[in-house]
Protein chains: 4
Amino acid sequence: MPRTRLHVIPTSAPDDVSGLEALIEAKQIDPGALVAILGKTEGNGCVNDFTRAFAIAALKGALGPKSEHIAMVMSGGTEGGLSPHLITFERLEEDGPGPALAIGTEVTGALVPEELGTQAQIRVVAAGVESAMARAGIASSEEVHFVQVKCPLLTAERIIETEARGQRTETRDTLKSMALSRGASALGVALALGEIDQSTAEAAEIGKDPAIWSGRASCSAGSELMGHEILVMGMSADWTGPLTIDHCVMADTIDTGPVAQAMARLQIGQGARLAALLAKAEASSTGAIRGTRHTMLDDSDISATRHARAFVGGALAGLTGQTDLFISGGAEHQGPDGGGPVAVIAERRL
Amino acid sequence: MPRTRLHVIPTSAPDDVSGLEALIEAKQIDPGALVAILGKTEGNGCVNDFTRAFAIAALKGALGPKSEHIAMVMSGGTEGGLSPHLITFERLEEDGPGPALAIGTEVTGALVPEELGTQAQIRVVAAGVESAMARAGIASSEEVHFVQVKCPLLTAERIIETEARGQRTETRDTLKSMALSRGASALGVALALGEIDQSTAEAAEIGKDPAIWSGRASCSAGSELMGHEILVMGMSADWTGPLTIDHCVMADTIDTGPVAQAMARLQIGQGARLAALLAKAEASSTGAIRGTRHTMLDDSDISATRHARAFVGGALAGLTGQTDLFISGGAEHQGPDGGGPVAVIAERRL
Amino acid sequence: MPRTRLHVIPTSAPDDVSGLEALIEAKQIDPGALVAILGKTEGNGCVNDFTRAFAIAALKGALGPKSEHIAMVMSGGTEGGLSPHLITFERLEEDGPGPALAIGTEVTGALVPEELGTQAQIRVVAAGVESAMARAGIASSEEVHFVQVKCPLLTAERIIETEARGQRTETRDTLKSMALSRGASALGVALALGEIDQSTAEAAEIGKDPAIWSGRASCSAGSELMGHEILVMGMSADWTGPLTIDHCVMADTIDTGPVAQAMARLQIGQGARLAALLAKAEASSTGAIRGTRHTMLDDSDISATRHARAFVGGALAGLTGQTDLFISGGAEHQGPDGGGPVAVIAERRL
Amino acid sequence: MPRTRLHVIPTSAPDDVSGLEALIEAKQIDPGALVAILGKTEGNGCVNDFTRAFAIAALKGALGPKSEHIAMVMSGGTEGGLSPHLITFERLEEDGPGPALAIGTEVTGALVPEELGTQAQIRVVAAGVESAMARAGIASSEEVHFVQVKCPLLTAERIIETEARGQRTETRDTLKSMALSRGASALGVALALGEIDQSTAEAAEIGKDPAIWSGRASCSAGSELMGHEILVMGMSADWTGPLTIDHCVMADTIDTGPVAQAMARLQIGQGARLAALLAKAEASSTGAIRGTRHTMLDDSDISATRHARAFVGGALAGLTGQTDLFISGGAEHQGPDGGGPVAVIAERRL
């Protein structure tokens, strides 16, 4: 039976692979079994964040040709007291009782820049999620608790190249392209998981209608790819091992209640421990949290995504007592306006 | 008997005094009774934050000559989802049972720039705190729960003017001068409250020894003054009214437990409501939180004070469900390294 | 005959009016003769730049009711080594030879937020320019050398208020709203000066077509107004005094040649001195300068407008040997893509 | 006879080595002849700028084991319209007339963190410069026109590790450590070139006395090394080829005159073309340029080094008409306070 093994590995810099290498050396990680590596790096998480690509280059250097089949989703931005780290996911074979955390990955083909933020991207991601579910052996979308997607963004160069071909990208604003790409990817997840139907997806104004969202998508944009890397996580009776997963949706940046409840459902603190937490953060487009004004959208010195990661990071670190949380910014169509999906992974004492 | 009345007033911009004026118009605030106004503005909270001075100019314009005797402590920085607001403190006369929140203020004379961050500043602040306690009618320092201090900082102009006189300031780094000023002010509070003794204060390496601290000081630097504005808050049997105060010390940026306990002691959620929360935030100089690395000190794009405010703001907003919290950055000698004092003010249903 | 008098007054902070007051005290400025005050302040020049409003509040405080009829255009951002300053324009009466610098101002009515960046704004500004020309006594648009416009921007609050009324603003991005407002204002100037015709203006895609531009407009957005303050500068045979003006267009951020030529035409360095220089700066949307890549548009830490002001500021300070230049960011429809108009004002020795 | 060959190669990202690889492929660069690669990357040039290390990792990957003996000095920060690029220096053998540009490199041993910013660093760099001169075959220090040094900086981790050993670094401020390291390195250059004598070097207050400086040092700090990489450039009668070099010192950020003169001396525009320009930029500690205030030191949103690079970059791009200039920030002891050394390399038509 398949089993997921997970390690959270602190890093001292974007290209620090020493922790990963030590675990491989100590036989605690089998590089041949790795199916995905998520990572938080200390860049700005925006357009000119080269720490993501640097981390991936270092991982590929360390893992060699074995890295080819590993989905790698680096998310920039450890604002506030958040801590840079890697999360490794291995698929091992082992007999034992189920259900347990099941994982599957897919890498999609590359978009052309003018497809970014369009229906084409929704379709590509939806197909990718279905394929990753199949690999995880998850039959029903209801068993899926979280889908992490790494998606592309536009750079000035890509926009200009597109225009040179006589085409037009959805936006000329590189920072905004990250939002569009995350939004379209999230709608792709929502479509694949049945959270929205085909006609809703097709009618969706991408990036504009906050009422349409996935409660399980987490999308992160980076300049180092034009395709998508997708990691589906769910519970499956066919998988074994000590790991379990649940999810919830924060209604706003300070809505810690649902997370506490998800932790309780997984018996964290009562026989199980928090193995990993993944969450989306964003500034509400209303300019307010519970009716009280926030200033994130009017700050021209610090991107709103950086503010939101720091703030949600603080809320969830205050709740869990840990700072090595995977908080990712920009939750367009991922949870309600100003809120976002959260995945909690627990390790049971067996 | 004296009684404290407190309003938390949202602002739409640094110079927005419309909320204050509306409450005065509605007779809910008596401008003649105002003794202090604290405020969070949406500037960067660092050297070139002119929102503090702009807010004070607007308040003085609105209140006219009456404003002369009102201590005004504007603190810049509402990072993350924190919300700009004013907190007004009035001293009314009313009969009723005690004890209750007691307040007193003092404005000290101006330092010369070369005194900033030195023993001279410690002495000036200590004397100011004692004077403010006397005005509050608080006899014992044990009854003091929080001391808010607005202190000066160095600008390039002040440094140059000092050097033109043949003197030398403690630092030529304007951002660092804010830390030194907050640190010396906090030691002044600690000395006045008996948290450290005279010889410890005199031997203190200001800004360097994180082991010496006040558990009740909150200091905030601004370029708009060279003296100090001090607000002492405590519990006194001689005061009446529905307000009570307690304090605690967060051991680090995510240490929400003591705050939850202080809220419980004040019966918030059980007959009382949270009227105001004031807290200090800072990045630990160890570069870690509970042994896990943070990146706040190595970020040359965003000041560590901004990161810390956002993160602690998130932790406390997640706990309290409110974002109009007075979180102030830079906790040198204010609580342990990486942590900080917190004041909780409750309003009882009477 | 009318005569323009001009002072460039250094400021030590956004609200520093001491230099202005000293000149009034010394009878070198007659406050009753002031028709316009331009100023560069040290804010970020973007959405949350409150230094502009702070400066205007201080000026109004200093000048009292006389300030009502003075156009005040504060432009944020003195990046690089640029220096904060005020430029005062007085209209005096004096006999003497012409031609000389002629000035005229107009304040337009307020837009509603949904008009910002639309044809309505073009029309309002064009009418305002014509009115200001009339006040300057400039009959022909060919005699106009520069039109400085202060225009509004959208804040999160204004967007939300608009949507609450069932309307929709041209953008929900506050920083982008500054670009749209500057662009529409520039087209209004171009229309008034005959640089484009009515049908071109009506067909213009505001903020999108870099081929349509004014060579004499300089527009600067600020949150402190919803209308426009317009200052027209030209040469008129009916005006006298030592001041002359000429203009040119920089083709890109480093195109100093035309400025050197304009200075030569005004005989600066040969009997005349540089009295003031006003210029627009922007990052080219092509991502390149003379075919070589720039990184301004991909920098999510520093706004492209800040980069451009610093760079053009350096180019023009290196040329003129002065840093108290009025360089304003965001040159949408003001000069060609990546370039911008420049006004040079000289003072002849008479 | 040795001959220097130089290429300026534009890059599209920090890890873009495609241009270098294309030139190698086209036999225009012989990787075995490379002795140094300088590069400007688009990071912030401050502590958390990982683009420098990313660029070096990519270069090492592209060049393989041959890269071991190549000095690589990446400098972060292409503010304003400056353009990321690499400058390759090859040492070829060829007969011909001299004199011409001569180059030599050295890599020093690693400092321990507590040596950074001390006399030990001065000594290490001085010895390294002498060794690089010997390799260049430059006998007299008067023939040296520029010395580019890559030096280390302190990170939070290095400081903590040092303190764990019971030692203390010169500063706990990571950004300030860059200044100290550049300053000590520059004094090492000055000592090696005879610009200051031994006793002056030993008495120097590193980073504090702006009167002691080198007119030919250019130092750049990065977190990716603890030693120094040194490149000496001079004119030697024993070298041949079309390249020549001269240098000058800018007295302040806008002092373009001496650069124009150096260009004229090298007959640029009159038979020769500008092959490369290297310059240092910094904000004057006086807070003023030619007596007029600048705001770079009081800006807590943008590091003063970033402001200065943008501004000097603008001044020199305006002068030369090129944006692919190697402008490096932080000129402690490199030129006078607020100014800096400039190297101009010309290619003669032979």
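Keep in mind it's a predicted model, so treat the numbers as computed, not measured.

The rules we used
Residues numbered from 1 in each chain as written. Chains lettered and ligands numbered in written order. Predicted model: local features only at pLDDT ≥ 70, side-chain atom pairs only at ≥ 80, totals over all residues. Heavy atoms only, no water. Helix = DSSP H or I, 4+ residues; strand = E, 2+ residues; numbered from the N terminus. Rg over C-alpha atoms; globule rule 2.2 N^0.38 Å. Buried < 20%, exposed > 50% of the residue type's maximum accessible area, 1.4 Å probe, protein only. Pairing = 2+ DSSP bridges. Axes fitted to C-alpha atoms, helices over the stretch in contact; angles between N-to-C directions. Contact = heavy atoms within 4.5 Å. Buried area = accessible area lost by both parts, 1.4 Å probe. Salt bridge = Lys/Arg side-chain N within 4 Å of Asp/Glu carboxyl O. Polar contact = N/O pair within 3.5 Å; in protein donor to acceptor, adjacent residues only side chain to side chain. Nonpolar A, V, L, I, M, F, W, Y, C, P; charged D, E, K, R; others polar. Expected span 1.5 Å × (residues − 1). Phe/Tyr/Trp six-rings, centres within 6.5 Å; stacked < 30°, edge-to-face > 60°. Lys NZ or Arg CZ within 6 Å of the ring centre and 35° of its normal.

Engineer: Help me out: how do you make sense of the overall build of chain A in this one?
Structural biologist: On a plain count of helices and strands, chain A comes out with eight helices and 14 strands. Taking 20 Å as the expected radius of gyration for a compact globule of 350 residues, we find that chain A reaches 19 Å, a close match to that expectation. Along the first, second and third principal axes, the C-alpha atoms of chain A reach 55 × 45 × 40 Å. Expressed as a percentage of the 350 residues in chain A, the buried residues total 68%.

Engineer: Even after reading the chapter, I still don't get the sheet that holds strand β4 (residues 85-93) of chain C, so can you show me in this structure?
Structural biologist: Residues and elements named next belong to chain C. Pairing within the open sheet is mixed, and its four strands lie in the order β1-β4-β2-β3. Of all strands in the sheet, those bounded by a partner on one side alone are β1 (2-10) and β3 (71-76). Direction aside, neighbouring strands of the sheet carry axes that sit 15° apart on average. The pairing of β1 with β4 spans nine bridges and is antiparallel. Within β4, the position partnered with P2 by the bridge is E93.

Engineer: Is there a simple way to explain the interface of chain D and chain C in this structure?
Structural biologist: Interfaces are frequently sized by the accessible area removed from exposure as the parts join. Each side of the interface is counted separately: chain D has 36 residues, and chain C has 36 residues. Buried area between chain D and chain C, both sides added, is near 2,600 Å², and the carbon and sulfur share of it is 55%. The interface formed by chain D and chain C includes four salt bridges. Of the charged contacts in the structure, one is a salt bridge between D299 of chain C and R306 of chain D, with a shortest N-O distance of 3.4 Å. At the boundary of chain D with chain C, the tally comes to 16 residue pairs in polar contact (both at pLDDT 80 or more). Those elements that provide at least two residues to the side of chain D that touches chain C are β12 (292-293) and α8 (304-320) of chain D. Of the residues contributing to the side of chain D that touches chain C, the split by class is 11 nonpolar, 17 polar and eight charged.

Engineer: Sorry if this is basic, but what is going on with helix α8 (residues 304-320) of chain C here?
Structural biologist: For the α-helix, the turn length of 3.6 residues means that residues three or four positions removed from each other point alike. Residue and element names in this part refer to chain C. The end-to-end C-alpha distance of α8, which contains 17 residues, comes to 24 Å, matching closely the 24 Å that a straight helix rising 1.5 Å per residue would cover. Most of α8 is tucked away: 15 of the 17 residues are buried. Where α8 terminates, the next one or two residues include G321, which has phi positive at roughly 75°.

Engineer: Is there a simple way to think about the packing of aromatic side chains in this case?
Structural biologist: The relation between two aromatic rings is expressed through the spacing of the ring centres and the mutual angle of the planes. In this structure the tally under the stated criterion is two aromatic pairs over all chains. Taking the ring centre of F326 of chain D as reference, the NZ or CZ of K40 of chain D above it sits at 5.7 Å.

Engineer: Looking at this structure, how should I read helix α3 (residues 119-136) of chain A?
Structural biologist: All names here are of chain A. For α3, built from 18 residues, the straight-helix expectation of 26 Å at 1.5 Å per residue is met to within 8% by its first-to-last C-alpha distance of 26 Å. Regarding α3, the residues found buried are A120, Q121, I122, V125, A126, G128, V129, A132, M133 and A136. Positioned one or two residues after α3, G137 has a phi angle of 70°, which is positive.

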